[in-house]
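Coordinates in review
The chain contents come next:
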Amino acid sequence: MSLLPLSLAAQDFDYTNVSVYSVSFSGPDLNIRKDDGSGSYTAPQWVAGAADQSPVAYASGDAPRAAAVLQITCANVPDSLWVRGTGPDSIEFSAKKVPVSTSATTTHNINYPATDGSTAFTADVVRFYNPFVITWEFSHDGTKWFGAGTTENTLYVTRGTPMSETTNFKWWHTVFDLSCRNAEYETTDTGIISHVWNEFLDHVVLNHAGDSLHYYKIMNSPNVTLSSLLKYRDAECYTFAQLFLAAIKIQGVVRSNNYVYITPTSTVFACGYNVNRFLVKNWNFGTPSASGTCADFPYRNTYTTLIPPPYTSYGFLTSDVTDQSGIPGSCTSNPSSYFNNHQITYLDGVYYDPCYGVTFPSVSDIPSMAFDGWSFRYTSSGTTNAFFTNNISYTYLSATVTTW
Amino acid sequence: MKFPVLILFSVISFSWLAGQTAERRVIVENGTYYYTSIHDEFQLATLHTGKYDQPLRAQTRLAFPGGRNYNDPIIPFAWDKSGHDIYAVNFLEHPLNDRMEAIKRIPASQLLPWGGDVTIMSMLMASAETNMLAWNEPYHNVVSRSGTLQHFFFDIASMADGSLSMVITNQGEMMLWTWKEGKWSHGNAIPWAGENFFTLLEHRGLLYLLSHEGRLFEVKPDALTPVPDRMLPADLSQGVLVELRDENRVVFLRHDQLDTDISLQTLIQEKATVLLK
């Protein structure tokens, strides 16, 4: 097909023949990993007709950089066209005269080169563009412009450069989404923490696609890492603490000694056994059957497998104490609630429990606020005897702190 | 007399078979090799065993009721074999798993291959309910002295006299603990500047420690003595330590020397470097 200079009057295309085909965002954009662990989103992040477009992320203070491929379908095409893009917040991708590529068919590409937006994202402010819309236009003379379509991408702007990835903290899509979605327009550490925390308050924590992230969807969920929470959307307490911290770290907020492991103290015993388990509300204490065995822990349940398949309830053989609906977890109304340990976070003097969307002023407050009892157990001949007390003052929690 | 310093030890990056990585040590005794790997998603350990003179691919994989977590920095699975028993510190993250009950001794004969009723779920529950060998007094001592874990690492080694040694570090201090005849004894806290994992090793009745940087130390209750001329050229990431207990030798193999179509015996004969003999 021939390329004709504009000076010839024989061009025969109408203006609807030109449309944007793809857009590629590039550096200094931030790498976004897919929640399913299959890799990262790559350019082009927008493709005409695609069912899903890819997200994009930048740190505040940087300007987006975009390249575009427009297509013109016509038997006779000009040798070049002007192309420009207009984004939100006065971000413009300047007009450039670009050649129309040759083609063996009637469809020709017009490759608008990677161009920095005219305006950087406002420094030190979180933004969440949902979507980031660019209106693309073309022109023959750089004066009169015609529409070539719009492109839309979810675009995240972090307040600062995210903290570096580690073994367990990575820049996953949902981490960007949860954080920027909740903390948009925030500029301070405390504001970011407070607004990110909002995601956990209503016991409905959602991923980037609006899917629920469950705290013990099955009572014996084996998932203990943030990556597995995002991949399987059902996990244990450690992962929700990690998610909350990740959503802060992605904004460049730095906090140490933030990951708190709580467990009954190992110094308190009952009837010769360390009291090393606790019950999260609510549990009903019925008629005690073990007063003669252990007066301080007169309630007894027995089991061979605590949570048997299909992992929807406890498999007690006998039970003086029964699980009731109580404190809901994320997207789970009655999660597992019989534990040896639990994982929470500590930021700026506050203990946050992302699994349940609650805070505590101190670790010592947790039992009275959230527990119904304590327990010890021993196993003999394949059967476990678990003894309980509803005397919350019988023992207390210890905490060990690390930096996640 | 100087000994070769080609001592390199891999904990995580050594891959015998696709997806299977050896944790801390490979043990060879009575013509059989043993090593453990950790599931990359569910923390559980697998005990791999096979004939020393057969290709590595021909092995049995046994489910172990225990494992380790993925917290950063990684503390590799602490395990050892003594006689018919496997000793291990079960530090996987599970809401029912008590770190105070983490020290286990399990007869290898009780371990079953993965499959059937032996599932991830069943083994996670077993890891929390299996009776402990000993109260984890070393860990209790650490958390009693400080609620902050920093540069926290540990390892165990079974000793020739039937005792179990455990070295544990936190915040710049190290302590040696010994479990013998049903009770713990320990040395004093020793200054320790290490910021990464280390590995214990028993050889001819003595306890040794390999630091992550590659230094070899003899460990005693109140002293850590460098072994002269035993410095690795790199950190513990370049290969694998193999304890040849039938021969009273400890050797090293590099990752790139491994070939799963060849027996471990042949690999060692042809390519290993001797560490201790």
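Described in the following lines is the structure provided in the data block. If you're wondering where the values come from, they're calculated on a predicted model, not measured in any experiment. (Residues numbered from 1 in each chain as written. Chains lettered and ligands numbered in written order. Predicted model: local features only at pLDDT ≥ 70, side-chain atom pairs only at ≥ 80, totals over all residues. Heavy atoms only, no water.)

Here's the deal with the packing of aromatic side chains
All names here are of chain A. Operational definition: A pair of Phe, Tyr and Trp rings is counted when the ring centres sit within 6.5 Å of each other, with Trp represented by its six-membered ring. The angle between the planes then sorts it: under 30 degrees is stacked, over 60 is edge-to-face, the rest tilted. A run of H or I in DSSP counts as a helix once it spans at least four residues, and a run of E counts as a strand once it spans at least two, with each numbered from the N terminus. Burial classes: relative accessible area under 20% of the type maximum marks a residue as buried, over 50% as exposed, and values in between as partly exposed (1.4 Å probe, protein chains only).
Overall, the coordinates contain 51 aromatic pairs over all chains when judged by the stated rule. Considering the side-chain rings of Trp 197 and Phe 200, the 5.7 Å spacing of their centres and the 20 degrees angle between planes classify their relative orientation as stacked. Linking Trp 197 with Phe 200, this pair stays in helix H2 (residues 189–201), spanning 3 residues, or about one helical turn. Residue Trp 197 is classed as buried on the basis of its relative accessible area, which comes to 7%. For Phe 200, a relative accessible area of 1% translates into the label buried. Aromatic side chains Phe 278 and Phe 339 sit 6.1 Å apart centroid to centroid with 70 degrees between the ring planes, which places their arrangement in the edge-to-face category. Remark: Phe 339 occurs in strand E22 (residues 338–339) and Phe 278 occurs in strand E17 (residues 277–280); sequence separation between them is 61 residues.

Looking at empty space enclosed by the protein
Here is the rule: The pocket and cavity definitions rest on a 1 Å grid over protein atoms only: a 1.4 Å probe that fits but cannot leave marks a cavity, an open set with protein on both sides within 12 Å along at least five of seven lines marks a pocket, and residues lining either have an atom within 4 Å of a point. Grid points are joined across faces, edges and corners, and a volume is the space filled by probe spheres set on the points. Ten residue types, Ala, Val, Leu, Ile, Met, Phe, Trp, Tyr, Cys and Pro, are classed as nonpolar, four, Asp, Glu, Lys and Arg, as charged, and the remainder, Gly among them, as polar.
By the definition in use, this model includes 4 cavities of 30 Å³ or more. Here the largest cavity defines a volume of roughly 60 Å³. Looking at the largest cavity, it is lined by 13 residues, and the ones nearest its centre are Met 219, Ile 307 and Ser 336 of chain A together with Pro 95 and Leu 96 of chain B. For the lining of the largest cavity, the per-class residue count stands at 8 nonpolar, 4 polar and 1 charged.

Structural notes on the interface of chain B and chain A
Put simply, the test is: By definition in these notes, contact holds between two residues if any of their heavy atoms fall within 4.5 Å. Each of two parts loses accessible area, computed with a 1.4 Å probe, when they are put together; buried area is these two losses added. Each salt bridge in this description consists of a side-chain nitrogen of Lys or Arg and a carboxyl oxygen of Asp or Glu lying within 4 Å of one another. Polar contact is defined as a pair of N or O atoms within 3.5 Å, subject to the rule that within protein one atom must be able to donate a hydrogen and the other to accept it, and that residues adjacent in sequence are counted only when both atoms are side-chain atoms.
Opposite the 29 residues of chain B that make contact, chain A presents 39 residues. When the two sides are added together, the surface that chain B and chain A hide from each other amounts to roughly 2800 Å², 50% of it contributed by carbon and sulfur. At the junction of chain B with chain A, the criterion picks out 4 salt bridges. A salt bridge links Arg 377 of chain A to Glu 129 of chain B; its shortest N-O distance comes to 3.3 Å. Linking chain B to chain A there are 18 residue pairs in polar contact (both at pLDDT 80 or more).

Let's talk about the packing of helix H1 (residues 173–183) of chain A against H2 of chain A
All names here are of chain A. This is how it is decided: Axes here mean lines fitted to C-alpha atoms, for a helix over just the part in contact, with angles spanning 0 to 180 degrees between N-to-C directions. Roughly parallel covers angles under 35 degrees, roughly antiparallel covers those over 145, roughly perpendicular covers 65 to 115, and oblique covers all other angles. The hand of a helix crossing depends on one turn: near helix anticlockwise from the far one by less than a right angle means left-handed, and clockwise means right-handed.
Contact pair H1 / H2: the axes reach a minimum separation of 8 Å and the direction vectors enclose 110 degrees. In terms of orientation, H1 and H2 fall into the roughly perpendicular class. Two packed elements cross with a definite hand, and for H1 against H2 that hand is right-handed. Contact residues: Leu 178, Ser 179, Arg 181, Asn 182 and Ala 183 in H1; Ile 192, His 195, Val 196, Asn 198, Glu 199 and Phe 200 in H2. Looking at side-chain class alone, the contact of H1 with H2 contains 5 nonpolar, 4 polar and 2 charged residues.

Spatial relationships are all this shows, so hold off on functional conclusions.
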